[in-house]
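# Structural description and commentary
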Amino acid sequence: GQKRHRDVDPRALPKVRVEWPLAPPTECNPWGHLVPNGEGGGQLEPPTVRGERVMGRDKGQLKRENKRRKIARQLQQADDVQYWKTHEADPTVRYIPRVPREHRGQMAPAGPALAHPAAHLLEEYATFGCPANTGKNWTLDELEAAIAVGPHVSAMVPEAMQQLQEEVNNKITNGQVKVYLWDDLKKKMPRKLKISRIAMIPHKSKPYRAILDLSFPIQFKDGTIAPVNDTTTKTAPRGSMDQMGQTLQRLIYAYATADEDKPIFAAKEDIKDGFWRLVAKEGEEWNFAYVLPQEDGQPTKIVVPTSLQMGWIESPGFFNVPSETGRDVAEHYAAAPLGSLPDHKFLSHTQVMPEYKALPDEPTDPSHPLQFMMEVYVDDYISLAVPRCKADLDHLANATMHGIHSVFPANADDDNDPISLKKLKKLEGAWAINKELLGWTFDGIFKSIELEETKLNDILATLKAWCRSTTIPFDEFRKTVYKIQNATIGVPAARALFTEVNKVLGVEPRYVNIQRNTPLLEATRNFRTLLQEAHKNPTKCRQLVVGHPDYVGIMDAAKEGTGGVVIGEGSSCVPTVFRFEWPAEVQQQVVTDDNPDGTITNSDLEMAGLLLCWLVLEYVAPDLYHKHIALFCDNSPTVAWVMRMATKSSRVAGQLLMALALRMKVRETSPLTTLHIAGDQNSISDIPSRSFGGTQKWHCRTDEEFLKLYNSHFPLPNQQSWTVFQIPSALSSRVISILLMKGSGMAEWRRLPKPKKNTGESGLLTAKLWESTLTWRQQLPGSKPGHECSQDSPHERDEEPLAEAAKLQLAQSLQQSRPLARRFPWTRE
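Counting of residues starts from 1 at the beginning of each chain's written sequence and follows it residue by residue. Only residues with pLDDT of at least 70 are given local features in this predicted model, and only at 80 or more are side-chain atom pairs given and counted; all residues enter the totals for whole chains, interfaces and linings. Where side-chain values are given, they derive from all heavy atoms of the structure, hydrogens and water being excluded.

### Concerning a positive patch on the surface
- What goes into a patch is any residue over 30% in relative accessible area without a salt bridge, connected to like charges within 9 Å or, for nonpolar side chains (Val, Leu, Ile, Met, Phe, Trp, Tyr), within 5 Å. Per-residue accessibility takes into account occlusion by the displayed protein chains alone, with areas from the Shrake-Rupley method and a 1.4 Å probe. What counts as a salt bridge is simple: a side-chain nitrogen of Lys or Arg found within 4 Å of a carboxyl oxygen of Asp or Glu. Neither His nor the chain termini are counted; the positive set is Lys and Arg, and the negative set is Asp and Glu. Taken as the charge centre is NZ of Lys, CZ of Arg, CG of Asp or CD of Glu, depending on the residue. Taken together, the side chains of K204, R209, K422, K426 and K455 make up a positively charged region of the molecular surface.
- Helix and strand assignments come from DSSP, with helices taken as H or I runs of at least 4 residues and strands as E runs of at least 2, each series counted from the N terminus. Checked against the element boundaries, R209 lands in strand 6 (residues 208–213).

### Details of the sheet that holds strand 13 (residues 380–386)
- Two strands qualify as a pair provided that DSSP identifies no fewer than 2 bridges between them. Across the sheet, which stays open at both edges, the 4 strands sit in the order 3-12-13-9 with antiparallel pairing between neighbours. Edge strands, defined here as strands with exactly one partner in the open sheet, are strand 3 (85–86) and strand 9 (265–270).
- Any two residues having at least one pair of non-hydrogen atoms within 4.5 Å are treated as being in contact. Simply put, an axis is a line fit to the C-alpha atoms, just over the touching stretch for a helix, and the angle between two N-to-C directions goes from 0 to 180 degrees. On top of the sheet, helix 8 (residues 315–334) reaches strand 3, strand 12 (371–377) and strand 13; it is set at about 165° to strand 12, its chief contact.

### Some details on the nonpolar core
- Each nonpolar core is a collection of buried residues, namely Ala, Val, Leu, Ile, Met, Phe, Trp, Tyr and Cys, held together in the definition by side-chain atoms within 4.5 Å. Relative accessible area decides the class of each residue, using a 1.4 Å probe on protein chains only: under 20% of the type maximum gives buried, over 50% gives exposed, and in between gives partly exposed. By size, the foremost hydrophobic cluster in this structure holds 138 residues, and its most contacted members are L384, F442, F477, L660, W722 and W749.
- The element contributing the most residues to this core is helix 17 (residues 602–620), with 12 residues.
- In contact with F477, not counting residues within four places along its chain, are W466, I472, V501, V504, L505, V512 and L520.
- Formed by 73 residues, the second largest nonpolar core is a distinct cluster that contains W312, A385, I404 and F408.

### Some remarks on the sheet that holds strand 10 (residues 289–291)
- Strand order in the open sheet made by the 5 strands is 4-11-10-5-6, with mixed pairing throughout. Each having just a single partner strand, strand 4 (177–181) and strand 6 make up the two edges of the open sheet. Ignoring which end each strand starts from, the neighbouring axes of this sheet average 40° apart.
- The sheet contacts of helix 3 (residues 140–149) involve strand 5 (195–202), strand 10 and strand 11 (301–305), and relative to strand 5 the element is tilted by about 25°.
- Across the sheet, helix 4 (residues 158–173) is in contact with strand 4, strand 5, strand 6, strand 10 and strand 11; its angle to strand 6 comes to roughly 80°.

### Focus on the packing of aromatic side chains
- Any two of the Phe, Tyr and Trp rings considered here, Trp counted by its six-membered ring, make a pair once their centres fall within 6.5 Å; the pair's planes then place it as stacked at under 30 degrees, edge-to-face at over 60, or tilted in between. On inspection of all chains with the given rule, the structure shows 18 aromatic pairs.
- With a centroid separation of 5.4 Å and 65° between ring planes, the pair formed by F275 and F319 is classed as edge-to-face. Note that F275 is positioned in the loop between strand 9 and strand 10 and F319 in helix 8, a separation of 44 residues in sequence. For the pair F275 and F319, a shared accessibility class is recorded, and that class is buried.
- With a centroid separation of 5.5 Å and 20° between ring planes, the pair formed by F319 and F408 is classed as stacked. You can see F319 sitting in helix 8 and its partner F408 sitting in the loop between helix 10 (390–405) and helix 11 (421–425), a full 89 residues away along the chain. Each member of the pair, F319 as well as F408, carries the same accessibility label: buried.
- Pairwise contacts between aromatic rings join Y125, F288, W312 and F318 into one cluster.
- The ring of W276 is capped by K171, whose NZ or CZ atom sits 4.1 Å from the centre of that ring.
- Distance and angle both matter: a charge sits over a ring if NZ of Lys or CZ of Arg is within 6 Å of the ring centre and within 35 degrees of the ring normal. The side chain of R734 reaches across the aromatic face of W749, ending 5.8 Å from its centre.

So far we have only geometry, and geometry alone does not tell us how the molecule works.
Spelled out as structure tokens, the structure:
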């Protein structure tokens, strides 16, 4: 490749001339209509926090800043955001073949990638390599301390050692690695030399994967040597990373929003050798050296890779620049007329499954358009399609693979092509209705998701061993907990079992004595049960996405009782109010100033009231299958618990959450939208919860008396009457049992008892009532102590702003629950 002096800024050098295969193009830049002046703006700049450059040790601050940016974008995203693309043929889109050019490494832009807003970065990386600013140079003493630490213990296993040595020899042949004797190297020590630990981690496609541990601090004299990741200044563009984190959620939403009657086909192409395809700038490869694992007695050898390393904090950011650009080119090519792209050399590998062969060759109804989705997650290119025929899938496969080759040059030796032939032969690239994507198995007919079987079996085996163990090393416990947390993406009911786990994580004991921790042991068994059930009956993607509520519940709880309403919004139900008086044994255990040693907090009561509100909804709503539900509560801890489906300390709330999650699982509803309502705006549920004597003017001895009072305060449209729901004692006793910690297992929550006869005439099934309740979002006299207002205040005074604020609160909650749609191109602000 082109040579330059080490201290010259590549941006000051002349641009590499773009050589087009034909005459210079006369059509507009394919990206220019989306990016002003063809520039990527801030997305191509390194990340900053409060205007300052970011180092690896600042990753916590950067994570918070990125979260803030993500939420801001979600709040700007349209409510009708679409994750599917519809094919609209553009005759100006044509395939541009690659013209050979000199470059370093195995990445170089070609065709439409040369006109992409990120082209100047791609050219820089392909010409000079990726910058690696890792802080101050190490001294000889520091390097010798690092050599004394040596490789990670995992790399010293004989089989791992042999595999790594074979890989090093292979990469020496390919010019990707150099090996030096330490005795020779230290005589003329390179300025940037830093030595980290190499580890060999078990991997699904081969026995081990080499990862350079660049986060391990090395003990040195009276302190430590800061690891390379901590001292790295982040220079990769911030826009290359921020779409990656929501890839799985976009896939879930795509399956959830697709036509239920039409199958989804999926395919995946994997980039062989990933990060190794990009090189570090000349002279900066020394930052990634490590000691070669060898048997005792051998002279110390230092391995110096010239490519980006798995384990470096910046590798994903740099790699994603060509990776994301390749996806953009693929989507650009997908807009070409069907059949206009040349067949890719690997196209036949996508055409082998029976479901592909069963499709017609051409569309039977050309008026019905092709729908598709193109994603990339680092080195995995993922395509979804609702095809009409084989030609649709062939077109998308050609677009994807030509897009990949626009940034990662094809190799004449298919075994060394950037598109992994090994993975294609394993049918990963074949269009199929069932496909493993990002560790999950998606079913394109049932639109369901389940954890990859090997990962599931690994978790189940570990949990089974725990149930038979006395103690568990904390590191093993924490590692498995992270795996279970990931599994709850597709098994949402399991999220409610983490209360006991969170307590252990907060303490961080050296060993977890599970047999002495009965609640934790029970949670472990319940995890196994729910994971096994999810494998037998995979979760529908529609159960994992939020939407405008079909039904709304509003509740409150006090020391004396709980109550609230259930109404129809997007779907119809009988407008229902409920109230329930806590028994004396519960009231006696409530924590108050006079009873500081009580066992039930006010938040526990609110959580119990919210569960009862949900249970009333189950009886009242005709159908909850895949329905969206919103619950409003004026207790902040309860809202936070339900949003996380876990608590950090309250065992009572943890058990109540488990019951709620299990009922949601049984009814196969969508996730709850739980929102806070200010206490002085919650009059609609204040009256039922305080109708047992807490507020004297609302005291009602019978449900008939209460119904009359309630209808007078909250009249329904069209002269309808509320219906008072009678909570069955067999149901309330289960909730009370949890409040008093007398035990409540999963089995008894799988089926509800029959309801009692309700009070009042059965009302009409009614929808669109939520906005009507917003007119009552002002304080009634005596509704909350300390928030008195004049009874003579005009009814309309605060009605409109409170109603608008409530609508905005719901809208913003729904916006923040939806993943961001992909930017096209990725550099777009």
